[in-house]
Amino acid sequence: MEKQKEGRVAVIGGGAAGLLAAGRLAQRGRRVALIEKNPMLGKKLRITGKGRCNVTNICDVEDMLRQVPGNARFLYSAFYSFTNDDLIALLREYGVETKVERGGRVFPVSDKAKDVVEGLKRFALQSPHVRVMKREVKELILRDGAVRGVRFGDGSTLACSSVVVATGGLSYPLTGSTGDGYKFARQAGHSIVPCRPSLVPLVTRQRWVGELMGLGLKNIALTVTDERDKHVYEDFGELLFTHFGVSGPVVLSASAHMRDMERKQYRLHIDLKPALSAQQLDERIRRDFAQNTNKHLVNALDALLPKALIPVAVRLSGVPAHKVVNQLSREERLRLGETLKDIRLDVAGFRPIEEAIITSGGVNVKEINPSTMESKLVNGLFFAGEVLDVDAYTGGFNLQIAFSTGWLAGDHA
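None of these values were measured; they are calculated from a predicted model.

### Remarks on the overall build of the chain
- Scanning the chain from N- to C-terminus turns up 12 helices and 19 strands.
- When the 413 residues of the chain are sorted by exposure, 55% land in the buried category.
- Taking all contacts inside the chain whose residues are at least 6 apart in sequence as the whole, residues at least 24 apart take part in 72%.

As structure tokens, this is what we get:
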């Protein structure tokens, strides 16, 4: 084994959490081995937010904690030790100006995720004592209740006084998130909360969605209810039909609120015209019918709905598609309007975790010191980022979790 040096820390994973940990360690004068198995650092960061990178949110810390549905209290010290304001200031210091968009979401002014990665690399590699190693760790080296180093795939080893595991979860495995951190945690005696996808497309029971595959809808309202018809979530924005069900921003956000999918049943309610009340929509439909009085219903809705959606919406309403509009009864017209205000889809499940934006589950946080991110079981072993059993809703909160826990680990390793 390479001779151990006082203060050297191995950071496994060169993503959001790993880069913050390495940079903070460098500020503290530590020798750092930043170990990344990908050819490049920040591979997953480069594709987040469709390549724009929603780095954080401008809400205050208490509001941010409310965006974490499980284990929010665990993040109290992390969020207060390295806040969203701290992150924005750090990015600015290293050449990345930011802007605020709808919902308090913070993006780089350039709208380029790669600029965020480059700024974080400048922060992480600020010291000549930070050494980047493009290698894959096979296992930890543990002895006498403490971590002593890491062993690589070729059998070689690296001695160190601390290790920060920042390997990500199971989402987007092509970016290197293949669950390595869970293996290291189990080796150290940690328990793993079963992983499931979060911020993920949904599979629906209705087969007609396949007819609309590729159709995107803007400015729709989505409501999620459970088996008791209780409202679970509401949102407004964009939705995409797929061959298996639905995706798009509002769907991904909704998925994070669908907990305990094995026992619960969820239904989606899509309002195609949320800006119109039922009465206003009926008036709109009557005006359209007046201009198409001798047309069949299926040919009289071009001004109201996307062409591909018309036959499906008419079918769901139960109104005969080829009935001439001037022969429709008031009841049939109202039924059509009711359908457009509440298209229902029953959720069959999530798409695979490999398609999720974030992993829910991970290293049990009851076994981690929330003030330092150090293992309560093994001295010198730290965890940060998505590998931990903490996840949040969309809006920049998950990246802030990675940055804050990475900073805290780097502050104490």
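### A word on the sheet that holds strand 4 (residues 98-100)
- Here three strands make up an open sheet; going across it, the order is 3-5-4 and the pairing antiparallel. Every other strand in the sheet has two partners, leaving strand 3 (56-57) and strand 4 as the edge strands with one partner each.
- Judged from the three bridges that link them, strand 4 and strand 5 (residues 105-108) form a sheet pairing that is antiparallel. When the bridges of strand 5 are listed, Lys-99 appears paired with Phe-107.

### Some words on the environment of Glu-355
- Take Glu-355: it is sitting in the loop between strand 17 (343-350) and strand 18 (358-363).
- Considered as a pair, Glu-355 and Glu-136 are 219 residues apart in the sequence and their alpha carbons are 23 Å apart.
- Discounting chain neighbours no more than four positions away, the residues touching Glu-355 are Val-200 and Pro-201.
- At 3.0 Å, the side chain of Glu-355 forms a polar contact with the side chain of Arg-351.

### Regarding the UniProt feature "domain: RsdA/BaiN/AoA(So)-like insert" (unreviewed entry) in the chain
- Under the local residue numbering, the UniProt record ascribes the feature "domain: RsdA/BaiN/AoA(So)-like insert" (unreviewed entry) to residues 196-358.
- End C-alpha to end C-alpha, residues 196-358 measures 9 Å, and it is 26% helix and 28% strand.

### Here's the deal with helix 1 (residues 16-27)
- Here helix 1 contains 12 residues, and its C-alpha end-to-end distance of 17 Å stays within 8% of the 16 Å for a straight helix at 1.5 Å per residue.
- Counting buried residues in helix 1 gives 11 out of 12 residues, a clear majority hidden from the surface.
- Those residues of helix 1 not exposed but buried are Ala-16, Ala-17, Gly-18, Leu-19, Leu-20, Ala-21, Ala-22, Gly-23, Arg-24, Leu-25 and Ala-26.
- Just past helix 1, the residue Gly-29 takes up positive phi, approximately 80°.

### Remarks on the pattern of salt bridges
- What the rule picks out here adds up to 25 salt bridges.
- Note that Arg-151 and Glu-139 form a salt bridge whose closest N and O atoms lie 2.7 Å from each other. With Arg-151 in strand 8 (residues 146-152) and Glu-139 in strand 7 (residues 137-143), the pair connects residues that are 12 residues apart, well separated along the chain.
- Assessed through its relative accessible area of 27%, Glu-139 is described here as partly exposed.
- Through salt bridges that share partners, Arg-52, Lys-99, Glu-101 and Asp-111 make up one connected network.

### So, the packing of aromatic side chains
- Tallied over the full model, the rule gives five aromatic pairs.
- Seen from their ring centres, Phe-123 and Trp-407 are 6.3 Å apart, and the 10° between their planes marks the pair as stacked. Residue Phe-123 is located in helix 6 (residues 113-124), and its partner Trp-407 is located in helix 12 (residues 397-412); the two are separated by 284 residues in the primary sequence. Across this residue pair, the class does not change: Phe-123 and Trp-407 are buried.
- Among the aromatic side chains, those forming a connected cluster through ring pairs are Phe-82, Tyr-94, Phe-123 and Trp-407.
- The side chain of Arg-52 reaches across the aromatic face of Phe-107, ending 3.9 Å from its centre.
- The lysine or arginine in question, Arg-351, covers the ring of Phe-244, its NZ or CZ lying 4.0 Å from the ring centre.

### Some thoughts on the sheet that holds strand 2 (residues 32-35)
- Strand order in the open sheet made by the five strands is 6-2-1-10-19, with parallel pairing throughout. Each edge of the sheet is formed by a strand with only one pairing partner; in this case those strands are strand 6 (130-133) and strand 19 (381-383). Going across the sheet, the axis of each strand differs from the next one's by a mean of 20°, ignoring polarity.
- Examined bridge by bridge, strand 1 (residues 9-12) and strand 10 (residues 162-165) share four bridges and lie parallel to one another. Paired with Val-9 across the two strands is Ser-162, which belongs to strand 10.

### A few points about the nonpolar core
- The biggest cluster of nonpolar side chains holds 84 residues, and the ones touching the most others in it are Val-163 and Leu-388.
- Grouped together as the second largest cluster of nonpolar side chains are 47 residues, Ile-270, Ile-285, Leu-304 and Leu-328 included.

### Quick word on the layout of surface pockets
- Roughly 170 Å³ of volume is contained in the second largest pocket.
- Every residue along the wall of the second largest pocket is listed here: Arg-205, Thr-225, Asp-226, Glu-227, Met-261, Lys-264, Gln-265, Tyr-266, Arg-267, Asp-346, Val-347 and Ala-348.
- Within the residue set of the lining of the second largest pocket, elements represented by two or more residues are strand 13 (216-226), strand 16 (266-271) and strand 17.
- No other element matches strand 17, which puts three residues into the lining of the second largest pocket.
- When its residues are assigned to classes, the lining of the second largest pocket shows four nonpolar, two polar and six charged.

Each value, and the rule that gives it
- Residues numbered from 1 in each chain as written.
- Predicted model: local features only at pLDDT ≥ 70, side-chain atom pairs only at ≥ 80, totals over all residues.
- Heavy atoms only, no water.
- Helix = DSSP H or I, 4+ residues; strand = E, 2+ residues; numbered from the N terminus.
- Buried < 20%, exposed > 50% of the residue type's maximum accessible area, 1.4 Å probe, protein only.
- Contact = heavy atoms within 4.5 Å.
- Pairing = 2+ DSSP bridges.
- Polar contact = N/O pair within 3.5 Å; in protein donor to acceptor, adjacent residues only side chain to side chain.
- UniProt positions renumbered as here; feature names shortened; annotations may be inferred.
- Expected span 1.5 Å × (residues − 1).
- Salt bridge = Lys/Arg side-chain N within 4 Å of Asp/Glu carboxyl O.
- Phe/Tyr/Trp six-rings, centres within 6.5 Å; stacked < 30°, edge-to-face > 60°.
- Lys NZ or Arg CZ within 6 Å of the ring centre and 35° of its normal.
- Axes fitted to C-alpha atoms, helices over the stretch in contact; angles between N-to-C directions.
- Core = buried A, V, L, I, M, F, W, Y, C linked by side-chain atoms within 4.5 Å.
- 1 Å grid on protein atoms, 1.4 Å probe; cavity = no way out; pocket = protein on both sides within 12 Å on 5 of 7 lines; lining within 4 Å.
- Points joined across faces, edges and corners; volume = space filled by probe spheres on them.
- Nonpolar A, V, L, I, M, F, W, Y, C, P; charged D, E, K, R; others polar.

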